[in-house]
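So the chains spell out like this:
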Amino acid sequence: MLEIRHLTKVYDDGTVALKDVSFTVEDGEFLIIIGLSGSGKSTLLRCINRLVDPTEGDVIWNGVNLTELEGEELRKARREMGMIFQHFNLVKRSSVFKNVIAGRLGFMPTWRSLLGRFNDADRKKALTALHRLGIADQAQKRADELSGGQQQRVGIARALMQDPKMILADEPVASLDPVLAHNILEYLEMLNQEDNLTIVCSLHYLDLVQRYSTRVLGLRDGEIVYEGSREDIRAMADEEFKDIYGEEAQRITGSVSGDLEEFEIGGLA
Amino acid sequence: MNTNSLQHTPSKKRSPSLVPPYLAAILSALIPGLGQALARAMRRGIILLSSFVTILGLMAWRIRLAARRDTEVFAIIKKAYHLQPVLVVLSVMVLILYLWIIYDAYIIAKDAERTPVLLFFMLIAVFFMLGWQIGEIDPIAFVTKADDAAPALARVLWPWEKAISYPEEHLLATVDIQVPCTEEDPPPPAPEKIEGEPYFWATPTCGDLKTQDGIPGTILTIRGENFAPDTKVNILWEDPIGNEFRQRQEGEYVTTIPDAKGEFEVEIEMPYRLLPPHADADFYIWDLKAKQLATVGQAEPSMELKLAVEKIVETIFIGMMATFFGILLALPLSFFAARNLMSASPITIAIYYLVRGVLNIVRSIEPLIWAIIAVIVVGLGPFAGILALTVHSIAALAKLYSESIESIDPGPIEAIQATGANWLQTVMYAVIPQIIPPFVSFTIYRWDINIRMSTIIGFVGGGGIGFLLAQWIRLLDYDSAGIAVWFIAVTVAILDYVSAEIRERFV
Ligand SMILES: Nc1ncnc2c1ncn2[C@@H]1O[C@H](COP(=O)(O)OP(=O)(O)OP(=O)(O)O)[C@@H](O)[C@H]1O
Ligand SMILES: [Mg+2]
């Protein structure tokens, strides 16, 4: 269980990115955070795994207050949360395999990782992850030779290497086309349902939100302005959505929004 | 408030002129550009005025220079025009420019929307002609003198005859000649023959020298055997006190060329020579010598070729060592010169600016100048070259390195941190893979430059092949210079290829 209490983030330049944000995420939820650009979504996600240090407030993860952790303990906590990014954040010139197996770094002694000596179990795990995401045949390619959708799957594979209990996804589909967007989100949904991973994900498109979320949080100017269940969101009209989301809110093209069953995971690689 | 006169922007309208067009023209006739300035084309006026004054100043200087000795103005101008017809063209152009500026003032004042640009091409044309005159550009000389240069250039282009040489050996044979003949003493015997050595004898072996009054000397028939065929033999004398001098006949030195068997025969008249101070002896023994500089054995690389090889190796290593030292010192410096790493506190920012500033200054000084300084410090030789190139490399590499550090994508760093990796692991997996390719690429690029530079750093005493090249050019030894030029060209070409290959592999 993840509990956020009175989280506030003020950047060095004085920007208040989060204002007293509190909410709870139960295990197995697919929580989607929506909000305008600049509303603080990325900041919030990064405060959870401490890529950004919150100014005030607590992040309680399974009873441990992450904001108090340092060094080794913090890194151990981070291992339990995989993160995927809008721009994938792969090391472009490294191979797909190397990018994926880097997900094990938190589990191995430093000297081994400096020598690049990953053990067989890790290698096997990486191959399995690549298989699961349907990109095993790309393993030896340079990461930047892959298409956007494939790169995001490398990102997911890297996160899975951590055997995470939760996945933080910062606009994972914002730089992908609609078909690939569904593709990636269906994958996250599968992890959520089959592996019972908690997912905290920021998103832009209304129909994706309605389709995948079990719960939705709306952020505006660093404050939570909306909280709703899956049912609330499905019942929500575009106008209401725009209210919290702003005029920017949009559906992805109508042609793909209807019946989604046809998009199989990995089927569009 | 004003239009930019260099850019033709018809849409931009000036404020109306302060003076009527004809007045603007008159003002510009008095002071070129003043009319434009008062017509609210201030920048145009300033540009025209300053250019015109500059042009007049330069013209006056060139005319004075062309007719240095004259003092009277008219004479100076006349002579300058005579000596340098370009100055006539130039003067006409300046006159046209002057009239044009007047006309331009009229136009500018009359029509606030027009900003003609053609005038500025005229300005550029005048400066071009000035450059032509100041640069002493002389295409005719280029063509006519090319003929004279052709032989030298041909030697530079194909210097390889100088690349081989044959080992040489002095062949020498001597015969004793008694001066004068006496009745009591028998003339010296012919020398003994030694197998394999050149042999040389004369008949007779005694005689009288030619005298000052013109009484001819005794004619000697001299024969040689066992000399090198087809190679010049010099005939010399050595008088009793050891002075050597060459035999002359009718003003020419006597030489002969042995036949295919190495034999020769010449007749010589015994020369006039001041006799040594009178002594008791009735006669003196003079030595008659046949001397030959013969090539023996196989062709071998010439001295020059060996030197060139030696120095090109030195050159390559100068470049290499400078690159090594450059990398070693630039690496740590580059971190201090990377803004993204140094923006944490005011102190680090100060260090950043300091390092950047020093690097910029060092980099802006040419390696050749650094070499001159290094030669003063450590003396002539390769070490000076290495020092000079190292200093410049450090500055150049540190800048390039720091820029590639600055352009690191923070995304992967964030992602690797999020996996629970520690600092070292993050550097290893997210930072280094990003900076290695640009580092390798910049390093090779620098290596390339360093080797090129090391070929010429010798011109100022920095060691390497440039040192030889400069020397040979000064000695007008174009063959040897050609060898050096070839070595440089081939080295640089190979290096180009190699560095392109490496870069392709790594980047
Ligand atoms: N490193 C930083 N330093 C200063 N201000 C920052 C920094 N990162 C973000 N901000 C500011 O904090 C606010 C929230 O930014 P954040 O990136 O969290 O928003 P977001 O909702 O993720 O936006 P987007 O949809 O554009 O990604 C913005 O005003 C942003 O300008
Ligand atoms: Mg964001």
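As shown above, the structure is provided for reference.
Predicted, not measured: the structure shown is a model, and the values here were computed from it. (Residues numbered from 1 in each chain as written. Chains lettered and ligands numbered in written order. Predicted model: local features only at pLDDT ≥ 70, side-chain atom pairs only at ≥ 80, totals over all residues. Heavy atoms only, no water.)

On to the pairing of strand S4 (residues 56-61) of chain A, then. Residues in a regular strand project their side chains so that they alternate between the two faces of the sheet. Residue and element names in this part refer to chain A. For strand S1 (residues 2-10) and S4, the ladder comprises five bridges, and the chain directions are antiparallel. Looking at S4, one finds that Thr 8 is bridged to Glu 56. Pairing between S4 and strand S5 (residues 64-65): two bridges, direction antiparallel. Residue Ile 60 lies in a different strand from S5, and its bridge partner there is Asn 65. Hairpin connection of S4 to S5: two residues between the antiparallel strands, including Asn 62 at a positive phi of 50°. (Pairing = 2+ DSSP bridges. Helix = DSSP H or I, 4+ residues; strand = E, 2+ residues; numbered from the N terminus.)

Moving on, we come to the interface of chain B and chain A. Where interface size is quoted, it is often the accessible area lost as the parts come together. Every contact between the two is made by 20 residues of chain B and, on the other side, 29 residues of chain A. Summing the contributions of chain B and of chain A, the shared interface buries around 2100 Å²; its carbon and sulfur component is 60%. Seen at the junction of chain B and chain A, the total is two salt bridges. The salt bridge involving Lys 92 of chain A is made with Asp 409 of chain B; its shortest N-O contact spans 3.4 Å. Viewed at the interface, chain A and chain B are joined by nine residue pairs in polar contact (both at pLDDT 80 or more). Within the residue set of the side of chain B that touches chain A, elements represented by two or more residues are helix H13 (410-418) and helix H14 (423-456) of chain B. Taken together, the residues of the side of chain B that touches chain A break down into 12 nonpolar, six polar and two charged. (Contact = heavy atoms within 4.5 Å. Buried area = accessible area lost by both parts, 1.4 Å probe. Salt bridge = Lys/Arg side-chain N within 4 Å of Asp/Glu carboxyl O. Polar contact = N/O pair within 3.5 Å; in protein donor to acceptor, adjacent residues only side chain to side chain. Nonpolar A, V, L, I, M, F, W, Y, C, P; charged D, E, K, R; others polar.)

Residues and elements named next belong to chain A. One pass over the full model with this rule turns up 36 salt bridges over all chains. Between Lys 41 and Glu 171 there is a salt bridge, with the nearest N and O atoms lying 3.6 Å from each other. With Lys 41 in helix H1 (residues 41-48) and Glu 171 in the loop between strand S7 (166-170) and helix H7 (178-194), this residue pair connects regions lying 130 residues apart in the sequence. In this structure, the salt-bridge partner of Glu 72 is Lys 76, at a minimum N-O distance of 3.8 Å. Here Lys 76 and Glu 72 lie together in helix H2 (residues 71-79), a separation of four residues that amounts to about one turn. For Glu 72, a relative accessible area of 45% puts it in the partly exposed group. Taken together, the shared-partner salt bridges in this structure form one network comprising Arg 104, Asp 122, Lys 125 and Asp 163. (Buried < 20%, exposed > 50% of the residue type's maximum accessible area, 1.4 Å probe, protein only.)

Residue and element names in this part refer to chain A. As a matter of local geometry, ligand 1 sits amid 13 residues, with Ser 37, Gly 38, Lys 41, Ser 42 and Thr 43 nearest to it. Within the backbone of Gly 38, a nitrogen or oxygen atom sits 2.8 Å from an oxygen atom of ligand 1. Thr 43 is positioned such that a nitrogen or oxygen atom in its side chain is 2.4 Å from an oxygen atom of ligand 1. Considered on its own, ligand 1 offers 630 Å² of accessible surface; in the complex 62% of this is hidden by protein. The dominant element in the shell around ligand 1, judged by the number of residues it contributes, is H1, at three residues. Considered class by class, the residues forming the shell around ligand 1 number three nonpolar, seven polar and three charged. (Near = heavy atom within 4 Å. Areas by Shrake-Rupley, 256 points an atom, 1.4 Å probe, with all protein chains shown as cover.)

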